[in-house]
Amino acid sequence: MRYFLPLLLALLAAAAPAQTVPPAPPAKAAQQPQQKTAQAPPVSPKHIFFIIPAYNVDYGHKFVPMTSHDKMEEWLEGAHDPIGLSADAVEAALEKSKTDGFCGYGSGMESYGKCYGSALLDANISSFFGDYLFISWLHQDPRYFRLGPQQGFGARVWYSLSRVFITRTDSGGWTFASGATAGTVLAAATSNLYYPQDERNLGHTLSRTYWDLGGTAIFNLEAEFWPDIEHGVSKIF
């Protein structure tokens, strides 16, 4: 109903003689918010490179705190994203080697299923505790807040990498990402319950922690520069 009156005024202005009716201010006022809304960046890209779930990426420039329920919903969106699950399935298939098969489980579909299931468990344990439960207890925010092109390339790279260990609080400040880091360590340790026997040791646990943190750093870089890449690709095609 809020757009009905401006629309009616615009139609009346168009039907009346041009020399007697000045431009209708209400119609202009109604168009300006619409233009700003159309130009505003999305809060989340949903997917980076059209494949990687990115529901925890925020492209807005105004911090809005999340409730625990919001954090749970965001985690569920990423964990049950069908595109992301399909990409994980393909990745597990590509990890087969001639010596130890799929992720060290051997060859065959059963081993592939174990490899795929292990990868999902790793990701979901890390994200559930690190992106929802621990950060809810600690009043931290799970999102990556994009710095944007108003800063230089080097500053954006440094910002992206530093956000592995620095996160927002629910009050809008910055703090050590203790919740996310604890979730990473817990997931790496818990994986000793289901990984092949020869991979259940301290060395492999530290390696999985390292790769999880490294994956977060790569994700942050992708989240930071994806709009620039997408814009460049759209110009080409």
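Residues numbered from 1 in each chain as written. Predicted model: local features only at pLDDT ≥ 70, side-chain atom pairs only at ≥ 80, totals over all residues. Heavy atoms only, no water.

Visitor: Which parts of the structure should I look at to understand the layout of surface pockets?
Guide: One water molecule sets the probe size; rolling that probe over the atoms shows where empty space is left. When its volume is computed, the second largest pocket comes out at roughly 200 Å³. Forming the boundary of the second largest pocket are Val43, Ser44, Lys46, Tyr55, Val57, Asp58, Met66, Asp70, Glu73, Glu74, Glu77 and Arg143. Broken down by secondary-structure element, the contributors of at least two residues to the lining of the second largest pocket are β3 (57–58) and α3 (68–79). Residue contributions to the lining of the second largest pocket peak at 4 residues, all from α3. Taken together, the residues of the lining of the second largest pocket break down into 4 nonpolar, 1 polar and 7 charged. (1 Å grid on protein atoms, 1.4 Å probe; cavity = no way out; pocket = protein on both sides within 12 Å on 5 of 7 lines; lining within 4 Å. Points joined across faces, edges and corners; volume = space filled by probe spheres on them. Helix = DSSP H or I, 4+ residues; strand = E, 2+ residues; numbered from the N terminus. Nonpolar A, V, L, I, M, F, W, Y, C, P; charged D, E, K, R; others polar.)

Visitor: Looking at this structure, I do not really get the side chain of Ser127. What am I missing?
Guide: With respect to the helices and strands, the residue Ser127 is situated in helix α5 (residues 109–138). A polar contact of 2.9 Å, which involves the side chain of Ser127, links it to the backbone oxygen of Ala123. Setting aside anything within four residues of it in sequence, one finds Ser127 in contact with Trp75 and Tyr132. (Polar contact = N/O pair within 3.5 Å; in protein donor to acceptor, adjacent residues only side chain to side chain. Contact = heavy atoms within 4.5 Å.)

Visitor: What is the right way to look at the environment of Tyr105 in this model?
Guide: With respect to the helices and strands, the residue Tyr105 is situated in the loop between β5 (101–102) and α5. With residues up to four places along the chain from it excluded, the contact list for Tyr105 reads Asp100, Ser111, Lys114, Cys115, Ser118, Tyr194, Tyr195 and Pro196. Within the local environment of Tyr105, its side chain forms a polar contact with the backbone oxygen of Tyr194, the two atoms lying 2.7 Å apart.

Visitor: How should the pattern of salt bridges be read in this particular structure?
Guide: Scanning the entire structure with this criterion turns up 7 salt bridges. A salt bridge links Glu224 to Arg156, with the nearest nitrogen and oxygen atoms 2.8 Å apart. Placement of the pair is Glu224 in helix α8 (residues 202–236) and Arg156 in helix α6 (residues 153–162), with a sequence separation of 68 residues. We note that Glu224, like Arg156, is buried. Connected through shared salt-bridge partners, Arg146, Arg156, Glu224 and Asp228 make up one network. (Salt bridge = Lys/Arg side-chain N within 4 Å of Asp/Glu carboxyl O. Buried < 20%, exposed > 50% of the residue type's maximum accessible area, 1.4 Å probe, protein only.)

These figures come from the coordinates and say nothing about function on their own.
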